[in-house]
Amino acid sequence: MNIAIVTGASSGLGAEYVRQLDACESFDEIWVIARRRERLTALQKDVVTALRPLALDLTRPESIRELEVLLKDKKPNVRMLVNNAGFGKIGSYRHIPLEQCERMIDLNCRAAVSVTQTVLPFMHRGARILEICSTAAFQPFPYLNVYSATKAFLYRYSRALGRELAGTGIRVTAVCPFWIRGTEFISSAKKTDGSGQVNNFALSSRREDVVRHSLKDSKKGRAVSTPGFVCTLHRILAGLVPDSLLMAAWNLLRR
């Protein structure tokens, strides 16, 4: 049985990956993972491919074990893993509770690694992994400090894992988009007392474009996908300009 697995599939970018994988790839099933089962079940009406909804909270170790047990039972051939589950919070360190900081680290870092490591034994030559990072991975971002740090971790993990898998035929792509409209990320990230620290979301990308671009980059075997002009420019500048200057520029742009 050939399958794809998409985490964070209940809305936004994750749901769009499910729709586009259904339209342009061929799988026996797509396993969709998120906490909200009703959202996962409702997604079936948008696609032809059979969905297997898995209502799992990936910050809980028992959820990873449940996924592992299911994989060992069904023994699927995982052709695609899209590690999209994650969230961020906007505000200074004073405005974001420690519990939310810890949850960001758990979901954006630990859970992403746990899912990847759990799924990899069921992947073979020609399989592809998309780790959904962010252009925030390219520099430190005040008032997004924990979020950008978690995405830097995931970016480095993706790049290193891709090199380790060289020769296996399994390709890893770190997807690093700019702000994306049409998702719940921005509205959720602004639900803090310090959300006014970031007010500029101009030049945001469309989720459909981000998914389409990143899937094409993945097929081409690219280690990094910057799906849009802004994130591509940011990646270039981050390799040339000191972090202190990039943070000063961000301090102007965020207003």
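Everything in this summary refers to the structure shown in the same document. Since the model is a prediction, treat every value here as computed from it, not as a measurement.

**Here we look at the overall build of the protein chain**
Line of reasoning, step 1. Secondary structure assignment for the protein chain yields nine helices and nine strands.
Line of reasoning, step 2. Relative to a compact globule of 255 residues, whose C-alpha radius of gyration would be 18 Å, the protein chain shows 18 Å and is just as compact.
Line of reasoning, step 3. For the protein chain, the spread of C-alpha atoms along the three principal axes comes to 50 × 35 × 30 Å.
Line of reasoning, step 4. Residues classed as buried in the protein chain amount to 51% of the 255 residues present.
Line of reasoning, step 5. A separation threshold of at least 6 residues defines the contact pool for the protein chain, and within that pool the share at least 24 residues apart is 72%.
Line of reasoning, step 6. Accessible area of the protein chain: about 11,800 Å², with a carbon and sulfur share of 54%.
Line of reasoning, step 7. The averaged location of the 23 negative side-chain charges in the protein chain is 5 Å from the averaged location of its 37 positive side-chain charges.

**Focus on the side chain of Thr 135**
Line of reasoning, step 1. Within the element layout of this structure, Thr 135 appears in the loop between β5 (128-132) and α5 (145-164).
Line of reasoning, step 2. Given the relative accessible area of 5%, Thr 135 is considered buried.
Line of reasoning, step 3. When neighbours within four sequence positions are excluded, Thr 135 is seen to be in contact with Phe 141, Cys 176, Pro 177, Phe 178, Cys 231 and His 234.

**Points about a nonpolar patch on the surface**
Line of reasoning, step 1. A grouping of Phe 229, Leu 233 and Leu 237 is seen on the molecular surface, where their side chains present a nonpolar patch of about 300 Å² in accessible area.
Line of reasoning, step 2. With respect to the secondary-structure elements, Phe 229 resides in helix α8 (residues 229-238).

**So, the packing of helix α3 (residues 61-74) against helix α4 (residues 98-119)**
Line of reasoning, step 1. Their axes nearest at 10 Å, the elements α3 and α4 cross at an angle of 15°. Relative to α4, the element α3 is oriented roughly parallel. As for how α3 packs across α4, the hand of that crossing is right-handed. Contacts from Ile 64, Leu 67, Glu 68 and Leu 71 of α3 reach α4 at Ser 114, Val 115, Thr 118 and Val 119.

Definitions and limits used
- Residues numbered from 1 in each chain as written.
- Predicted model: local features only at pLDDT ≥ 70, side-chain atom pairs only at ≥ 80, totals over all residues.
- Heavy atoms only, no water.
- Helix = DSSP H or I, 4+ residues; strand = E, 2+ residues; numbered from the N terminus.
- Rg over C-alpha atoms; globule rule 2.2 N^0.38 Å.
- Buried < 20%, exposed > 50% of the residue type's maximum accessible area, 1.4 Å probe, protein only.
- Contact = heavy atoms within 4.5 Å.
- Areas by Shrake-Rupley, 256 points an atom, 1.4 Å probe, with all protein chains shown as cover.
- Lys, Arg positive; Asp, Glu negative; His and termini not counted.
- Charge placed at Lys NZ, Arg CZ, Asp CG, Glu CD.
- Patch = residues over 30% accessible without salt bridge, like charges linked within 9 Å, V, L, I, M, F, W, Y side chains within 5 Å.
- Salt bridge = Lys/Arg side-chain N within 4 Å of Asp/Glu carboxyl O.
- Axes fitted to C-alpha atoms, helices over the stretch in contact; angles between N-to-C directions.
- Parallel < 35°, antiparallel > 145°, perpendicular 65-115°, else oblique.
- Left-handed = near helix turned anticlockwise from the far one by under 90°.

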